[in-house]
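What the coordinates show
Here are the chains, one letter per residue:
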Amino acid sequence: MALEALHDALALPAKPVFAMRTDSSAGVLCNSLRTHGLIERLRAALRVQLPVLQAEIEQAGGRSQVLVAMNEVVLERQVFQQARLKVAVHGKGDPTIINGNGLVLTTPIGSTGYNRTLGGPLLPLESSLLALTGKAVGCPPAWSLVVLSDHSILDVEVIEAAHRPVQIATTSETVLNISRARLFRSPDRGGDIARRSGG
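Because the structure is predicted, anything quoted here is derived from the model rather than measured.

1. Some points on the nonpolar core
In this structure, Leu75, Leu85, Ile168, Ile178 and Leu183 are the most contacted members of the largest nonpolar core, which totals 28 residues. When residues in this core are grouped by element, the largest group, four residues, is from strand S6 (residues 83-89). With sequence-adjacent residues up to four places away left out, Leu85 is seen in contact with Thr96, Ile97, Ile98, Gly102, Leu103, Val156, Glu157, Val158, Ile159 and Val166. Ranked by size, the runner-up nonpolar core spans six residues in total, among them Val48, Val52, Val68 and Ile109.

In structure tokens:
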């Protein structure tokens, strides 16, 4: 729910989100659910700007669109066959062709969730880093995860897109049959959350 609220608040950059959770629920971005002294807690809260990922997508039919995500962008196979992806990071050498179930590009807040279940690194919350984690990548065997600067631009091309279709997904949207995608931290968007040290 906090991610949904943050996503909805992207159009209102002057309004930070003060998310709360019960003690029995998880949520790295949330404050403890207590209404007593709430006004004082809101006034004392620290405002943290969170990075937003942007994905510029081209589908197999030529249609283009843009997705934004607060935590992660997932590229994954649509069928039983493994995806074949040509991956290039601007300024980081030659492209790499990988075979596997897909890739996850995550921000520091996203690194605590799905990325961790895939064995990806936990990024410090206020770091200027992104994690690129493979999903069951079989080839090349040494390729599994990469930590990138949040100024990096990642280009992904789907090889044999007609026979090995790939979809791209965020927490709010999924686009099928992509042929290529450019992923990066959005320079124009950021999510604001209000947090208080200790809850």
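Back to the write-up after that little detour.
2. With respect to unusual backbone geometry
Both trends apply: most residues other than glycine have a negative phi, and most peptide bonds are in trans. The phi dihedral of Ala136 is positive, around 50 degrees, even though this residue is not glycine. Position of Ala136 relative to the elements: it lies in the loop between strand S9 (129-135) and strand S10 (145-149). Owing to a relative accessible area of 51%, Ala136 belongs among the exposed residues under this scheme. Positive phi values are uncommon outside glycine, yet Glu160 reaches one of about 55 degrees. Residue position: Glu160 is located in the loop between strand S11 (153-159) and strand S12 (166-169). Here Glu160 falls in the partly exposed class, since its relative accessible area comes to 38%.

3. Quick look at the pattern of salt bridges
Inspection of the entire model under this criterion finds six salt bridges. Between Arg185 and Asp150 there is a salt bridge, and its shortest N-O distance comes to 2.4 Å. Here Arg185, found in strand S14 (residues 178-195), pairs with Asp150, found in the loop between S10 and S11; they are 35 residues apart in sequence, far enough to count as distant. Counted as one network, the salt bridges with shared partners bring together Arg84, Glu160 and Arg164.

4. Some words on the packing of aromatic side chains
Aromatic rings considered in pairs are described by the distance between their centres and by the relative angle of their planes. A full pass over the atoms with the stated rule returns zero aromatic pairs. Here the guanidinium or amino end of Arg77 rests over the ring plane of Phe80, the centre of that ring lying 5.7 Å away.

Conventions and cut-offs
Residues numbered from 1 in each chain as written. Predicted model: local features only at pLDDT ≥ 70, side-chain atom pairs only at ≥ 80, totals over all residues. Heavy atoms only, no water. Core = buried A, V, L, I, M, F, W, Y, C linked by side-chain atoms within 4.5 Å. Buried < 20%, exposed > 50% of the residue type's maximum accessible area, 1.4 Å probe, protein only. Helix = DSSP H or I, 4+ residues; strand = E, 2+ residues; numbered from the N terminus. Contact = heavy atoms within 4.5 Å. Salt bridge = Lys/Arg side-chain N within 4 Å of Asp/Glu carboxyl O. Phe/Tyr/Trp six-rings, centres within 6.5 Å; stacked < 30°, edge-to-face > 60°. Lys NZ or Arg CZ within 6 Å of the ring centre and 35° of its normal.

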